[in-house]
Structure formats: C-alpha cells, structure tokens
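# Understanding the architecture of this molecule
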Amino acid sequence: MRFRHPDGSVVHLSYCTNVHPAETLDGVRAQLRDHCEPVRRRLGRDRLGIGLWLARDAARALTNDPAELRALRAELDSRGLEVVTLNGFPYEGFGADEVKYRVYRPDWTEPDRLAHTTDLARLLAALLPDDVTEGTISTLPLAWRTPYATDPGAPRTARTALTTLAQRLDALAELTGKSIRVGLEPEPGCTVETTADAIGPLTDVGHERIGICVDTCHLATSFEDPGTALDALTAAGIPVVKSQLSAALHAEHPHLPEVRTALAAFAEPRFLHQTRTRTAAGLRGTDDLDEAIADGALPDSTPWRAHFHVPLHAPPAPPLTSTLPVLRTALTRLVGGAAPLTRHLEVETYTWQALPAELRPRTRTQLADGIAAELTLARDLLVDLGLKELP
C-alpha cells in the first residue's frame, strides 16, 4: 500500500510474511498464493506491499539461480504484490516449534550473518518495483547480550562486518541504481536493547546506509518514550531506515491474581516474550514471560510489558491491554511531521498462532481477515495524519 505524504514523498505500508512459516522457495511461493494475495483481495487493493522474509535456504536458492529470481519477481507482479523491504532478522527456523534464543544466531560477530544480509540486499535490489529505487532490510541488533558482553573482541568484529556491509551496499547502488539500507532493530535482551543503545554502535559505523529499524512493540516493552527516542536519533544523525508497527502486551496491575492468570495464557513455548517493568531504580526485566510470572521475579507495584506482538486491531481483553497508544505516538512522530523520518512501514504481528488458543485463527480465511484488519487500522492511522492513500 502506498501513501502520498504532504511533502510529496511516497510512504510504503506492508505486512511482514514471517507470520507464514516458510524455509524454502516453494514455501515462499505458497505464502504468496495462500496468504498474501488473499489479504490483498480482502483489502480491495490492486497492489499490496509485503515485507518478505526469506530464510537462508530460500535466499540461497534465489541467489544461485537468476531464473528463479526472475520468476519470483514475475509472480509477485502477477499476484498484485510488491516488495520494498525485507525482514532479515530471523535466519532460519522461525516456524519451528521452539524458536526462543535461536532467532539471534548467527549474530553480527559470525560470517554467516554478513553473507546472508549481503545476499538479501542483492535480492531486494532485483525485486524492487521498477518505479522504486530505495529498499530496506531490518536485522538483529548485533547479538543477544551473552556471550557478546563477555567477548572483548565482539564489538570490533561486529563493527567491521557492518562496515563491510556498507561498502557492499555502496557498490550495489553503483551497479544497479538501487539504494538498499539496513537497520538494526533494537530488542529487549539484546546487545542493542533500546534506541539509545543503538546510537554508539551506529555512530562508530558512521554510514548513511546503516541505520535503525524502530519496532514499536520493542520500544514500548522497554518503556521508551517515542518522542525522546526519535529526537535522540535525529540529533545523532542516525537514519530511521524503517519502522515495524506492532504492539506489546501491557499489564497495568501485575500484582493482582487475575492479571497473573491472564498473563499466563500468553506464556507459550515458541518465542521469547521478554518482560519489563520500570521502577525508581531503573528498568527491571526477565528473558521470558513465564519467568516474570513466577513469584518475586519482578517487582509488581508498577506496570509490566511483555514482548508479545498482539494484533493491532484486537487488544487482549481486560485486565490486560496493548501498547497501541505508543504505536500511535511513534507513528505521529515518524510520518506526521513536515517530512517523514522513514518511508517504509511494516505491520509485524508474527504471533497470531502463538496467541491463547481461543484467540488463534483456525483457518487461512480467519488469518487473512485478521491481517487485513491490522492493515486497515494502520491505513486509517496514516490517513488521519494527513497522508493520502494511492491507488
């Protein structure tokens, strides 16, 4: 979906396909057929943006066979789909029964991360629509905090890898005329947990093609104020490459037994749900929601937030809610001003099948309806900010 910003530029809205597990190229094609095109039809659109997730094996298949890449580009066109952004965070296995800490490997100290991200950049340059010259890729925020924090050589290794990536992106732009930028995506528990944590490493890299991806669920989970965070990035000259529109789980009164019971329904075995609370002594947290629920693990006199991407249009029932207000505030700062801070927005609710059983979609139709409803909410927010939806 495309929108005209009042300054005349085009802002793209897509949804991320990591909600549909697929490790192979055949799986990606099945996603387009069984999920992405049906969502487009529900929205009544001739064209729909998707934030494509290409796992390692799918990316390698496309990299090694130019004919397959051309065929994928043709299939996207025939199904009314377009790609201006990729989710390069998960490497493989995102649809496994247990993902948890595995999603952070390989990290930016390992050669496979640089090789995979380079492949993704080259693929994206070939997949961009003919009238689009800028593409974006989100990636993990350097590494999970351990063992990175105990390896004195890790920061230099990661910085060298990102500098090499930037050089390759420069060469790619010169060769293709397509500018691909990569954004570190701060996430609780990682080396770069907050936007503030990103400023130092990104300043060290010091390249316009390497910036930040602001995920509004992660922003909220760490209790960051959107205005403060975005102002600091602007002051530091760090580009907001893209933003993922998402909402976290919020518990206003975690000391109440009924709130603990409600939270327990969201503690599930596939993904990590880092949980945070803000106290007078600073931010406190656990790596997962089930740890937080255990007695005494976290102070419970202040609200809790958990890294659980809840559907934008369907916050959980009381006594829980979502951080949709944080998303609204962030979006206002991102695209509501005289000029947009980013032109690539992506709805990323990959946890549809991790919701409590009674809330999960039971059919493809129900899932497509839910994704379309999320995109509709995001579209309405953009229109309310003065952006004009384009055909």
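Residues numbered from 1 in each chain as written. Predicted model: local features only at pLDDT ≥ 70, side-chain atom pairs only at ≥ 80, totals over all residues. Heavy atoms only, no water.

## Some details on the packing of aromatic side chains
For the coordinates displayed, the defined rule picks out eight aromatic pairs. Ring centres of F94 and F271 lie 5.2 Å apart, and the angle between their planes is 40°; on these two criteria the pair is classed as tilted. One end of the pair, F94, is in the loop between strand 4 (81–87) and helix 4 (111–127); the other, F271, is in the loop between helix 10 (257–264) and strand 10 (275–279), and 177 residues separate them in sequence. Overall, F94 belongs to the buried group, its relative accessible area being 6%. Aromatic pair Y101 and W144: ring centres 5.2 Å apart, planes at 85°, arrangement edge-to-face. Residue Y101 is located in the loop between strand 4 and helix 4, and its partner W144 is located in the loop between strand 5 (134–139) and helix 5 (145–148); the two are separated by 43 residues in the primary sequence. For W144, a relative accessible area of 7% gives the class buried. (Phe/Tyr/Trp six-rings, centres within 6.5 Å; stacked < 30°, edge-to-face > 60°. Helix = DSSP H or I, 4+ residues; strand = E, 2+ residues; numbered from the N terminus. Buried < 20%, exposed > 50% of the residue type's maximum accessible area, 1.4 Å probe, protein only.)

## A closer look at the environment of L184
The topology assignment puts L184 in strand 6 (residues 179–184). Of the residues examined, L184 reaches a relative accessible area of 0% and is grouped as buried. Placed 49 residues apart in sequence, L184 and L233 show a C-alpha to C-alpha distance of 13 Å. The residues touching L184, leaving out its near neighbours within four places in the chain, are W108, T139, L140, P141, L142, L162, L202, G211, I212 and C213. (Contact = heavy atoms within 4.5 Å.)

## Re the nonpolar core
Grouped together as the largest cluster of nonpolar side chains are 113 residues, with contacts concentrated most on L13, Y15, W108 and L375. The residues touching L13, leaving out its near neighbours within four places in the chain, are M1, F3, G49, L245, L345, V347, L375, A378, R379 and L382. Within the second largest apolar cluster, five residues are counted, among which are L219, A220, A229 and V326. (Core = buried A, V, L, I, M, F, W, Y, C linked by side-chain atoms within 4.5 Å.)

## Focus: the pairing of strand 12 (residues 304–310)
Among the seven residues of strand 12, seven are classified as buried, and the element is accordingly described as predominantly covered. The two faces of strand 12 match: W304, A306, F308 and V310 on one face and R305, H307 and H309 on the other face are all buried. Note that strand 9 (residues 247–251) and strand 12 share four bridges and pair antiparallel. In the sheet register, L249 faces strand 12, and the bridge partner there is A306. Direction of pairing for strand 10 relative to strand 12: antiparallel, over a ladder of three bridges. For T277, the partnering residue across the bridge sits in strand 12 and is W304. (Pairing = 2+ DSSP bridges.)

## Some remarks on the side chain of K242
Note on placement: K242 falls in strand 8 (residues 240–245). According to the relative accessible area criterion, K242 is buried, its value standing at 0%. Within the structure, K242 has its side chain in polar contact with the side chain of T85 (distance 2.9 Å). Look past the residues within four positions of K242 in its chain and what remains in contact with it is T85, L86, T136, I137, S138, I212, C213, V214, T342, H344 and E346. (Polar contact = N/O pair within 3.5 Å; in protein donor to acceptor, adjacent residues only side chain to side chain.)

## Points about the pattern of salt bridges
A complete count under the given rule lists 29 salt bridges for this structure. The salt bridge partner of D34 is R364, with a shortest N-O separation of 3.5 Å. Of this pair, D34 sits in helix 1 (residues 25–43) while R364 sits in helix 13 (residues 364–384), placing them 330 residues apart in sequence. Residue classification places D34 among the buried residues on the basis of a relative accessible area of 16%. Note that R343 and E134 form a salt bridge whose closest N and O atoms lie 2.7 Å from each other. (Salt bridge = Lys/Arg side-chain N within 4 Å of Asp/Glu carboxyl O.)

## Some points on helix 6 (residues 154–176)
The terminal C-alpha atoms of helix 6 lie 33 Å apart, and with 23 residues this matches the ideal 33 Å at 1.5 Å per residue to within 8%. Looking at the packing, one finds that the buried side of helix 6 touches helix 4, helix 5, strand 6, helix 7 (195–205) and strand 7 (210–215). Of the residues trailing helix 6, G177 is marked for its positive phi of about 75°. (Expected span 1.5 Å × (residues − 1).)

## Observations concerning the packing of helix 2 (residues 56–64) against helix 3 (residues 66–78)
The packing of two helices is summarised by the inter-axis angle and the distance between the axes. Direction vectors running N to C along helix 2 and helix 3 enclose 110°, while the axes themselves pass 5 Å from each other. The orientation of helix 2 with respect to helix 3, classified from their angle, is roughly perpendicular. Note on element contacts: helix 3 touches helix 2 through P66, E68, L69 and L72, opposite A61, L62 and N64. Here the residues of the contact of helix 2 with helix 3 are counted per class, giving five nonpolar, one polar and one charged. (Axes fitted to C-alpha atoms, helices over the stretch in contact; angles between N-to-C directions. Parallel < 35°, antiparallel > 145°, perpendicular 65-115°, else oblique. Nonpolar A, V, L, I, M, F, W, Y, C, P; charged D, E, K, R; others polar.)

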